[in-house]
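Here are the chains, one letter per residue:
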Amino acid sequence: QEHSLSDIIKYEQADGVAVITLHRPDSMNSFNTELRAAVVDAFAKAAADEAVRAVVFTGEGRCFSAGADLKAGIDRDVEEILQKEYRPVQEAIAAIPKPVIAAVPGSAAGIGLSMALQCDLLMMADNAFLLSPFTTISLVPDGGLNWLLVRQLGYRRAFQLSVESERISAERCVELGLANKAVPADELQAAAREWALALAQRAPLSVAATKKIMRLAADSDWATAYDLEASLQGQLLGSEDNKEGIQAFFDKRAPEFKGK
């Protein structure tokens, strides 16, 4: 089934997987005010739907997203836009208690790169590239990109890739750990859905808790992460899905998780 949240984003849901597709192909899926709001709405819809257990976030046509729509003008208060319009997108991806796979055709650039890297998992077409192009137009990486790149690459590599505004090939992205997998371009959408379907079979409470702890761990000390880990383990142990997983192990069968 397909529901159009608007004409600039497509939302499809089947078999426990929601596919959120940026749909401004004539503008290379660049972000304007409407698209930013539509993405937040789409993630809210996926978060609220108990049937959805995994999300694919992708772009229609030649690329994932070219970043901000420069044609939308640069006379508005960019600090306000970053705080009130872009930040909710980043927070929605981080907070949804379901795994989010970014599927990148062509390229993800600028704040499009920030959104792709915010996702839990990243799959690229083998001919795609990532790009932090800000220094070519005398701007700073934004949408949380400085934090994401430094966390994921270390300072030196992050700084070099940003100030040199180098296109990072899919193969290099996998080597650097920016991407999990690169697949042939014509197989990207099917491969992303297949991966999401496999993740949808995993224990949802376990996946959600792991996402929560690992995101805290990226920005926290060992003791704080340990405390949350112990607390969430206390909540999960003895749950219906925990009992089902253990029983399935003894029965030598695949578990059927209900998210309870």
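Please refer to the structure higher up on the page.
Residues numbered from 1 in each chain as written. Predicted model: local features only at pLDDT ≥ 70, side-chain atom pairs only at ≥ 80, totals over all residues. Heavy atoms only, no water.

(A) Focus on the environment of Ile93. Mapped onto the elements of the fold, Ile93 is located in helix H2 (residues 78-95). Residue classification places Ile93 among the buried positions, given a relative accessible area of 0%. Here the alpha-carbon distance between Ile93 and Gln118, two residues 25 residues apart in the chain, equals 6.7 Å. Setting aside chain neighbours within four positions, we find Ile93 in contact with Phe43, Phe57, Val100, Met115, Gln118, Cys119 and Lys211. (Helix = DSSP H or I, 4+ residues; strand = E, 2+ residues; numbered from the N terminus. Buried < 20%, exposed > 50% of the residue type's maximum accessible area, 1.4 Å probe, protein only. Contact = heavy atoms within 4.5 Å.)

(B) Highlighting the side chain of Lys211. Note on placement: Lys211 falls in helix H8 (residues 204-217). Ignoring any residue separated from it by four or fewer positions in sequence, one finds Lys211 in contact with Ile93, Ala94, Ile96, Lys98, Val100 and Asp120.

(C) View of the sheet that holds strand S6 (residues 107-109). Strands sit in the order S6-S8-S9 across an open sheet of 3 strands; the sheet is mixed. With one partner strand each, in any of the chains shown, S6 and strand S9 (168-169) form the two edges of the open sheet. Note that strand S8 (residues 129-131) and S9 share 2 bridges and pair antiparallel. Bridge assignment links Leu130 to a residue of S9, and that residue is Ile168. Its contacts with the sheet put helix H3 (residues 111-118) on S6 and S8, and the angle it makes with S6 is roughly 110°. (Pairing = 2+ DSSP bridges. Axes fitted to C-alpha atoms, helices over the stretch in contact; angles between N-to-C directions.)

(D) Just helix H5 (residues 155-163), in detail. Three or more residues of H5 are buried, namely Ala158, Leu161 and Ser162. Projection of H5 onto a plane perpendicular to its axis shows the buried side chains occupying an angular sector of 95°, all on one side. Positioned one or two residues after H5, Ser165 has a phi angle of 45°, which is positive. (Arc of directions from axis to C-beta.)

(E) Broad picture of the pattern of salt bridges. Counted according to the given criterion, the structure contains 12 salt bridges. Arg215 is paired through a salt bridge with Asp120; the nearest N and O atoms lie 3.0 Å apart. On the criterion of sequence distance, the pair formed by Arg215 in helix H8 and Asp120 in the loop between H3 and strand S7 (121-125) is long-range, its members being 95 residues apart. Here Arg215 falls in the partly exposed class, since its relative accessible area comes to 26%. Assessed through its relative accessible area of 28%, Asp120 is described here as partly exposed. Each of Asp120, Lys211 and Arg215 takes part in a single network of salt bridges with overlapping partners. (Salt bridge = Lys/Arg side-chain N within 4 Å of Asp/Glu carboxyl O.)

(F) A look at a nonpolar patch on the surface. A contiguous nonpolar patch, built from Val150, Tyr155, Phe159 and Val163 and spanning about 370 Å² of accessible area, is present on the exposed surface. Here the nonpolar patch takes 3 residues from H5, the largest share from any one element. Looking at where Tyr155 falls in the secondary structure, it is placed in helix H5. (Patch = residues over 30% accessible without salt bridge, like charges linked within 9 Å, V, L, I, M, F, W, Y side chains within 5 Å. Areas by Shrake-Rupley, 256 points an atom, 1.4 Å probe, with all protein chains shown as cover.)

(G) View of the packing of aromatic side chains. Considering all chains together, one arrives at 6 aromatic pairs under this definition. Ring centres 5.3 Å apart and planes at 90° place the aromatic pair Phe43 and Phe57 in the edge-to-face group. Here Phe57 lies in strand S4 (residues 54-59) and Phe43 lies in helix H1 (residues 33-48), a separation of 14 residues in the sequence. On the basis of relative accessible area, Phe43 is assigned to the buried category, the value being 1%. Centroid distance Tyr155 to Phe159: 5.7 Å. Interplanar angle 25°. Geometry classified as stacked. You can see Tyr155 and its partner Phe159 sitting in helix H5, 4 residues apart, about one turn around the helix. Within the aromatic cluster, the residues linked to one another by ring pairs are Phe43, Phe57 and Phe64. The lysine or arginine in question, Arg36, covers the ring of Tyr86, its NZ or CZ lying 4.4 Å from the ring centre. In this structure, Lys181 is placed above the aromatic ring of Trp195, and the distance from its NZ or CZ to the ring centre is 3.9 Å. (Phe/Tyr/Trp six-rings, centres within 6.5 Å; stacked < 30°, edge-to-face > 60°. Lys NZ or Arg CZ within 6 Å of the ring centre and 35° of its normal.)

(H) Looking closely at the pairing of S7. For S7, the tally of buried residues reaches 5 of 5 residues, placing the bulk of the element in the interior. Residues Leu121, Met123 and Ala125 line one face of S7 and the alternating positions Leu122 and Met124 line the opposite face, and both faces are buried. Note that strand S5 (residues 100-104) and S7 share 4 bridges and pair parallel. In the sheet register, Ala103 faces S7, and the bridge partner there is Met123. Pairing of S7 with strand S10 (residues 181-183) involves 3 bridges; the strand directions are parallel. What sits directly across from Ala125, in S10, is Val183.

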